[in-house]
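# Notes for the structure review
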Amino acid sequence: MRVIICGAGQVGYGIAERLAAEDNDISVIDTSAELIQVIRDTLDVRGFVGHGAHPDVLAAAGAEQADMIIAATLYDEVNIVACEVAHALFNVPTKIARIRAQAYLQPHYQDLFSRDHMPIDVIISPELEVGEMVLRRIALPGVSDVVRFADETIVVMAIECLEDCPVINTPLIQLSNLFPDLPSTVMAIIRHDTLLIPRSADHLVAGDVAYVATTKSQVRRTLALFGHEEPEATRIVIAGGGNVGLYVAQTIEAKQPKTKVKLIEPNLTRANAIADGLRRSLVLHGSALDQKLLNEAEIQDADLLVALTNDDQVNMLAGVMAKRLGCKSSLVLINNPDYLDLSKSLGIDAHISPRSVTISRVLQHVRRGRIRAVHSVQKGRAEIIEAEALETSPLVGAPLRDLDLPDGLRIGAIYRNGEVIRPDGSVRIKPQDRVVIFATAEAVKQVEQMFRVSLEFF
């Protein structure tokens, strides 16, 4: 696939890195010669210094032959115009734009990005995507990652197995026999930073992180089975009142009336604007690294600090300070992938990577075949994929136990006519079933082939 990426910042670089590793033909455009030089030196891509919305720059980057343009600069208007030019002059089939300003995304303006107005096929709002991820993580303490599939009926969680975890050292097949009415499947295991696709005879050990697929109604029971019965946070301190922080606070106010929120914002004008937009939350002006201000926010009694500023170092230090002052748990936003491994050693309980969230949304539209959703995990080492089975799929018809599935792939759940089916050996996949699969990066292409419309691959 030929893809043009406008913007070589954290998001653009991450997308280029992932797509180039899969042997796609990638061109990256940015006005910064320094960023383009870095991307040329480190990735197998073509780099072009220039304005991503200018026709001559797009032409030089190969827009006439491009299958997709991903406009991911920091400026919404540049992204919009880049997609419009790619459509009008070069007839690029798929156009994806990163849009940050919420004014563009109001429900009553939803027709704005239609083909008759601004011909953009996919809008990605990092703030909304990250905000939703933060809310899911707040709702499920005890998980280090969570994503929903199949109209939110299937939930995949990353759960750490502690020393007292009831299910450790028990073969996975035995867990299925002990709890036949529990539709939960261990899809993958992270052990000492090694990614494992388990078989039925394998077992979990203390320290493992298990990716588990279950139904929405059985999430709490599954967490309890793994020894995680942490109560939901009802006293939350949010550091950072940007778009994400404000969205999280507003949503909690609307949906969780018993939860008390205190929000810390360093910019006085912004703090006043936020205070006017919130009904019950207390807004404090100052730095999240100010111990006196944290004490004023009663951090010692808080269940959770959520650090959502634009500065990774502030987020991480705020998480460390909050824990030392008595806060029960911390969840921090980290943009720089180099900091992700460091966060756990600092005692930070959980983190969210906006880059990973955005890349997952892009991959959903890059993947070939009937791919409905993609969630990238473990810095791109694997993906959780929801795909729709076709009559031509090699998965259809035979019992799962008789399928010769490739290495690096495990089915976690099947969604059929509103019902979630646990994939035991006797289950047969039918056409139009939606299948949730955990696949290593090496197995992703095989998953795509399984769900392609064309017969040429079978």
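Residues numbered from 1 in each chain as written. Predicted model: local features only at pLDDT ≥ 70, side-chain atom pairs only at ≥ 80, totals over all residues. Heavy atoms only, no water.

This part covers the side chain of Arg 18. You can see Arg 18 is positioned in helix α1 (residues 10–21). Under the relative-accessibility criterion, Arg 18 is labelled buried at 10%. For Arg 18, the contacting residues outside a window of four places in its chain are Ile 359, Leu 363, Arg 367, Ser 376, Gly 380, Ala 382 and Glu 383. (Helix = DSSP H or I, 4+ residues; strand = E, 2+ residues; numbered from the N terminus. Buried < 20%, exposed > 50% of the residue type's maximum accessible area, 1.4 Å probe, protein only. Contact = heavy atoms within 4.5 Å.)

Next up on the list: the pattern of salt bridges. For the structure shown, the criterion picks out 24 salt bridges. Among the ionic pairs, Arg 100 bridges to Glu 127, the shortest N-O distance being 3.1 Å. Here Arg 100 is found in the loop between β5 (94–98) and β6 (122–124), whereas its partner Glu 127 is found in helix α5 (residues 126–139), with 27 residues between them in sequence. The class of Glu 127 is buried, set by a relative accessible area of 10%. (Salt bridge = Lys/Arg side-chain N within 4 Å of Asp/Glu carboxyl O.)

Attention now moves to the nonpolar core. Ranked by size, the top nonpolar core spans 46 residues in total, and within it Ile 26, Val 28, Ile 70 and Phe 451 carry the most contacts. With five residues, the top contributor of residues to this core is α1. Among the nonpolar cores identified, the runner-up in size contains 27 residues, and Val 248, Ala 271, Val 283 and Ala 350 belong to it. (Core = buried A, V, L, I, M, F, W, Y, C linked by side-chain atoms within 4.5 Å.)

The UniProt record annotates "domain: RCK C-terminal" (unreviewed entry) at residues 144–228 and 372–453. When the span residues 144–228 is considered, its composition is 16% helix and 35% strand, and the gap between its end C-alpha atoms is 12 Å. (UniProt positions renumbered as here; feature names shortened; annotations may be inferred.)

With respect to the helices and strands, Ala 322 occurs in helix α11 (residues 312–324). Contact partners of Ala 322, with chain neighbours within four places excluded, come to Ile 299, Leu 305 and Cys 327.

To continue, consider the side chain of Lys 262. Looking at the secondary structure, you find Lys 262 in strand β13 (residues 260–265). Among the polar contacts made by the side chain of Lys 262, one reaches the side chain of Glu 298 at a distance of 2.6 Å. Ignoring sequence-local partners within four residues, the contact set of Lys 262 consists of Ile 236, Val 237, Ile 238, Leu 282, Ala 297 and Glu 298. (Polar contact = N/O pair within 3.5 Å; in protein donor to acceptor, adjacent residues only side chain to side chain.)

Attention now goes to α1. Taking 1.5 Å per residue, twelve residues should reach 16 Å; α1 reaches 17 Å between its end C-alpha atoms and fits that length. Taken residue by residue, α1 has Val 11, Gly 12, Gly 14, Ile 15, Ala 16, Arg 18, Leu 19 and Ala 20 as its buried positions. Phi turns positive one or two residues past the end of α1, at Asp 23, with a value near 65°. (Expected span 1.5 Å × (residues − 1).)

Before going further, it helps to examine the UniProt feature "domain: RCK N-terminal" (unreviewed entry) in the protein chain. UniProt's feature table lists "domain: RCK N-terminal" (unreviewed entry) at residues 1–124 and 233–353, given in the numbering used throughout. Overall, residues 233–353 shows 40% helix and 21% strand. The separation of its end C-alpha atoms is 21 Å.

Another point: the domain arrangement of the protein chain. Segmenting the protein chain into domains produces domain 1 (2–124), domain 2 (130–226), domain 3 (235–352) and domain 4 (363–451). Residue-level contacts link six residues of domain 1 with nine residues of domain 4. Roughly 670 Å² of surface becomes buried between domain 1 and domain 4 when both sides are summed, with 57% attributable to carbon and sulfur atoms. Between Arg 18 and Glu 383 there is a salt bridge, with the nearest N and O atoms lying 2.5 Å from each other. The interface formed by domain 1 and domain 4 includes two residue pairs in polar contact (both at pLDDT 80 or more). (Domains from an automatic or database assignment. Buried area = accessible area lost by both parts, 1.4 Å probe.)

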